[in-house]
Amino acid sequence: MSQTVIYAGTFDPITNGHLDIIQRASNLFEHVIVAVAKNPSKQPLFSLEQRIELVEQSCTELANVQAVGFSGLLANFAQQHQAVALIRGVRGADDIDYEIQLAQLNDKLANSLETIFFPPSVEWRYLSSTMVREIYRHHGDLEQFVPTVVYQALKDLK
């Protein structure tokens, strides 16, 4: 039985913290789908197509990782791809209550879909896409926070 897991988010942009979780998940599971959410309620820096491409380019060395765009319910997407679990990053106590609620909801929607919580590595615990966008908007140096391909794409936006 193939073990497919899904790591979903908007990834606007993908950060080194996201990449850390993707790499760790790819070491544990046969197939990792990075599900890039369309999320029409947000105003992303990058289009869905650009975000998918940035995830793909950031993960080129991980042969068992695939980036796929999606919209709609994550539970439905997981069922369509026969995923055994969802991967969720949790930075701390502020994240955990919300993530537990999502996990329980997805469990009900997708008939026992498991959720596995990954704490970030210590060096990335504070990092989020929101913070990266703020640094970008205020013209700060992002090189240490994002993969090289993302750093270049952010420079090209200016």
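Residues numbered from 1 in each chain as written. Predicted model: local features only at pLDDT ≥ 70, side-chain atom pairs only at ≥ 80, totals over all residues. Heavy atoms only, no water.

If you look the chain up in an unreviewed UniProt entry, it shows as Phosphopantetheine adenylyltransferase from Frederiksenia canicola. One UniProt comment on the chain, placed under Subunit (unreviewed entry), says "Homohexamer." According to the UniProt record, the Subcellular location (unreviewed entry) comment for the chain reads "Cytoplasm". (UniProt positions renumbered as here; feature names shortened; annotations may be inferred.)

(A) Representation of the packing of aromatic side chains in the model. In total, this model carries three aromatic pairs according to the counting rule given. Between Tyr7 and Phe11, the aromatic rings sit 5.3 Å apart at their centres with planes inclined by 70°, giving edge-to-face as the arrangement. Both residues of the pair, Tyr7 and Phe11, count as buried. Plain terms: the ring middles of Phe70 and Phe77 are 4.9 Å apart, the flat faces sit at 35° to each other, and that makes the pair tilted. (Phe/Tyr/Trp six-rings, centres within 6.5 Å; stacked < 30°, edge-to-face > 60°. Buried < 20%, exposed > 50% of the residue type's maximum accessible area, 1.4 Å probe, protein only.)

(B) Highlighting the layout of surface pockets. Empty space within the largest pocket amounts to approximately 1,100 Å³. In terms of residues, the lining of the largest pocket owes the most to one element, helix 4 (residues 93-109), which gives eight residues. Partitioned by chemical class, the residues of the lining of the largest pocket number 20 nonpolar, 14 polar and seven charged. (1 Å grid on protein atoms, 1.4 Å probe; cavity = no way out; pocket = protein on both sides within 12 Å on 5 of 7 lines; lining within 4 Å. Points joined across faces, edges and corners; volume = space filled by probe spheres on them. Helix = DSSP H or I, 4+ residues; strand = E, 2+ residues; numbered from the N terminus. Nonpolar A, V, L, I, M, F, W, Y, C, P; charged D, E, K, R; others polar.)

(C) A look at the environment of Ile135. In this structure, Ile135 sits in helix 5 (residues 129-137). For Ile135, a relative accessible area of 25% translates into the label partly exposed. Measuring from C-alpha to C-alpha, the distance between Ile135 and Glu61 comes to 27 Å, with 74 residues separating the pair along the chain. For Ile135, the contacting residues outside a window of four places in its chain are Gly140, Asp141, Leu142 and Phe145. (Contact = heavy atoms within 4.5 Å.)

(D) Looking closely at the sheet that holds strand 2 (residues 31-37). As summarised here, the arrangement of the five strands in space is 3-2-1-4-5, forming an open sheet in which the pairing is parallel. Looking along the sheet, the strands with just one partner apiece sit at the ends: strand 3 (65-70) and strand 5 (114-118). The average angle at which neighbouring strand axes cross in this sheet is 30°, direction not considered. Alignment of strand 4 (residues 85-89) against strand 5, held across five bridges, turns out to be parallel. Its bridge partner lying in strand 5, Arg88 is registered against Phe117. (Pairing = 2+ DSSP bridges. Axes fitted to C-alpha atoms, helices over the stretch in contact; angles between N-to-C directions.)

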